[in-house]
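In case you want the letters, here they are:
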Amino acid sequence: MESQMRDVPRRRARGRTRLLLGGVCAAVIAVASVAMTTLAHADLSGPPGSTLKAAAERSGRYFGAAMGGDRLSDSGFLTIANREFDMMTAVNEMKPDATEPNSGQFTFSSGDAIYNWATQHGMRVRGHTLAWHAQQPRFWANLSGSSLRAAMIEHINGVMAHYKGKLAYWDVVNEAFAENGSRRSSNLQSTGNDWIEVAFRTARAADPSVKLCYNDYNIENWTYAKTQGVYNMIRDFKSRGVPIDCVGLQTHFTGGSSLPSNFQTTLSSFGALGVDVALTEADVTNASTSQYGGLTQACMSVPRCVGITTWGIRDSDSWRGSENPLLFDRNSSPKPAYTSVLNALNAASTTVPGSSTSPSSPPVSSPPVSSPPASSPPVSSPPPSSPPVTGQPGTCTAAFRMVNTWGGGYQGEVTVANGGSTALNGWTVRLTLAGGQTIANVWNGVNTGTSGTVSVRNADYNGTLGPNATTTFGFLVNGSTNTAPGSFSCTSP
Ligand code: 9MR
């Protein structure tokens, strides 16, 4: 195992630093894919669970852990993982440097080994992570601007294609904010402020079935600037229809930081934006029973808090082993914090929406949220004051907007509108790209052709447009010019 010090996250207000230690683990043989297991039916009236996963599943939640590839030969670890956990995250094996060591050359053997073991033992898997300032492929260091942007898009497409339909969540973007609530400066940030939304749009197009998350640390305290920065980004994404389904709060209460009293407010506030929330990397200095119990209880009180993952299982697995921050000791025995977590899981006061046929989830801490389902683009309804409809049946129009340009390409958006008096059932937009340009990626639509005249038809979920309704699709174009496409047409069957 190789040890390294990396980027040092810091809560400046309290002058703390955290060491990031860890290792890159051995590759193991990949086996065929295994279908995702589904969540147990929530039932708060049933008997208490005697394991972490059983207790979490009572309320439709999961209890997860992180494992490195080296744990695949550690029977002590595997025994507890199999008994107690139903979600797994790879510590390093699905990160960009691990999955694409050289440009366009993807390697999944280490990630697959963890995926296969976890799914063969009834667990679901959380993908971590696709775009991050740390642990990048070495060749990214030589890239910037449009070439780095294109490399990020290619990376997301390459990795997500491999895991398509197999994962429960992807941490699409990790740790993109600074402590003061602004964007962290990084090579990715230097490609343009829209890099995060481009990452999410790319991810949605690559795998519409997986939930797409933003993941960060030090966003647990509701009044902290960084929490507000992330919150505002997600609110903005939801208002503009940028696809995002969840926020991961890493919940590292280590290195001096501790459970804030407003943690539940943070969780419910994020949830009220219409995203799931999850505690994704929990660990607590000396495994304080009150903090572990408190963080669990906060999650159990917020319907959209879907689960908790600890960053390792035993103290000997921890990136901060000297703080003994996990639920099991070095002899694999559960610690007192294990009992406080188990009790808090069993005392859940809410179930996750959709996990129960007779929900016992009053909106205690977050109001019911009406958000579009994961894969729906925004489809607007006509305003109540719309003029009387006089258009012809099935009149489809397309309007182009240049969203962003850079040296070697641009991001475009097309709004498809139904100006007719009856619903459109399916639409196809034809557009002509300038010479030398190719479409790299389309979301909320399906393209035929990548250069010259390209046609884009509706995706499965946005083909029906009522009178005066609109929807949008987006695309990325590579090329030496940023000339907008010409000769648009829209037809409907
Ligand atoms: O636990 C991981 C450790 O092995 C790596 O060396 C380190 C490198 O950046 O990353 C650790 O995992 C981090 C996670 O990916 C993101 N949040 C902080 C985690 C702990 O540092």
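Residues numbered from 1 in each chain as written. Predicted model: local features only at pLDDT ≥ 70, side-chain atom pairs only at ≥ 80, totals over all residues. Heavy atoms only, no water.

Things to note about the overall build of the chain
Along the chain, the regular secondary structure elements total 10 helices and 22 strands. In the chain, 75% of the contacts between residues at least 6 apart in sequence involve partners at least 24 apart. Accessible area of the chain: about 18,400 Å², with a carbon and sulfur share of 52%. (Helix = DSSP H or I, 4+ residues; strand = E, 2+ residues; numbered from the N terminus. Contact = heavy atoms within 4.5 Å. Areas by Shrake-Rupley, 256 points an atom, 1.4 Å probe, with all protein chains shown as cover.)

Concerning helix α2 (residues 75–84)
Each α-helix winds once per 3.6 residues, and so residues spaced three or four apart point in a common direction. The complete set of buried residues in α2 reads Phe77, Leu78, Ile80, Ala81 and Glu84. Seen end-on, α2 carries its buried residues on one side only, within an arc spanning 165 degrees. In this structure, the buried side of α2 is in contact with α1 (52–57), β3 (62–67), β4 (87–90), α4 (109–120) and α10 (336–346). (Buried < 20%, exposed > 50% of the residue type's maximum accessible area, 1.4 Å probe, protein only. Arc of directions from axis to C-beta.)

Looking at the packing of helix α9 (residues 289–300) against α10
Contact geometry of α9 with α10 gives a least axis separation of 8 Å together with a crossing angle of 20 degrees. What the angle tells us is that α9 and α10 run roughly parallel. The two elements α9 and α10 meet at a crossing, and its hand is right-handed. For the pair α9 and α10, the contacting residues are Thr289, Tyr292, Gly293, Thr296, Gln297 and Met300 in the first and Pro336, Ala337, Ser340, Val341, Ala344 and Leu345 in the second. Of the residues belonging to the contact of α9 with α10, the class tally is seven nonpolar, five polar and no charged. (Axes fitted to C-alpha atoms, helices over the stretch in contact; angles between N-to-C directions. Parallel < 35°, antiparallel > 145°, perpendicular 65-115°, else oblique. Left-handed = near helix turned anticlockwise from the far one by under 90°. Nonpolar A, V, L, I, M, F, W, Y, C, P; charged D, E, K, R; others polar.)

Some points on the nonpolar core
Leu52, Met152, Trp170, Val173, Phe200 and Leu267 are the most contacted members of the largest nonpolar core, which totals 94 residues. Excluding residues within four positions of it along the chain, Trp170 makes contact with Met94, Gly127, His128, Thr129, Leu130, Val159, Met160, Tyr163, Val210, Lys211, Leu212 and Cys213. Core analysis: the second largest hydrophobic core is formed by 19 residues, Tyr410, Leu424, Val442 and Phe473 among them. (Core = buried A, V, L, I, M, F, W, Y, C linked by side-chain atoms within 4.5 Å.)

What to know about the pairing of strand β5 (residues 124–132)
Judged by how many residues are buried, β5 sits mostly within the fold: nine of nine residues are covered. Alignment of β4 against β5, held across three bridges, turns out to be parallel. The residue bridging Met88 from the neighbouring strand is Val125, located in β5. For the handedness criterion, the β-α-β arrangement of β5, helix α5 (residues 145–162) and strand β6 (residues 169–174) is classed as right-handed. (Pairing = 2+ DSSP bridges. Right-handed = clockwise from strand over helix to strand, strands pointing away.)

Notes on the side chain of Asn174
Relative to the assigned elements, Asn174 resides in strand β6. Asn174 sits in the buried class, given a relative accessible area of 1%. A distance of 3.3 Å separates a polar atom in the side chain of Asn174 from a polar atom in the side chain of Gln250. If sequence neighbours within four positions are ignored, Asn174 has contacts with His128, Thr129, Ala131, Trp132, Asn215 and Gln250. (Polar contact = N/O pair within 3.5 Å; in protein donor to acceptor, adjacent residues only side chain to side chain.)

Some thoughts on the pattern of salt bridges
Evaluation of the coordinates by the stated rule reveals 18 salt bridges. Arg201 is paired through a salt bridge with Glu197; the nearest N and O atoms lie 3.7 Å apart. Pair noted here: Arg201 and Glu197 are both in helix α6 (residues 195–206), with a separation of four residues, about one helical turn. Neither Arg201 nor Glu197 differs from the other in exposure class; each is buried. Salt-bridge contacts for Arg314 lead to Asp317; the nearest nitrogen and oxygen are separated by 2.7 Å. For the pair Arg314 and Asp317, one class covers both residues: buried. One connected set of salt bridges, linked through shared partners, spans Asp70, Arg71, Asp74, Arg314 and Asp317. (Salt bridge = Lys/Arg side-chain N within 4 Å of Asp/Glu carboxyl O.)

Side note on the environment of Thr254
Inspection of the secondary structure puts Thr254 in the loop between β9 (252–253) and α8 (263–272). C-alpha separation for the pair Thr254 and Ala282, spaced 28 residues apart in sequence, amounts to 9.2 Å.

Digging into the state of the cysteines
Tallying each qualifying case throughout the model produces three disulfides. A sulfur-sulfur separation of 1.6 Å characterises the disulfide bridge that pairs Cys396 with Cys490. Taken together, the residues Cys396 in strand β13 (residues 396–406) and Cys490 in strand β22 (residues 486–491) connect sequence positions 94 residues apart. A single burial state applies to Cys396 and to Cys490, both of which are buried. The cystine pairing of the chain, numbering bonded cysteines in sequence order, is 1-2, 3-4, 5-6. (Disulfide = S-S within 2.5 Å.)

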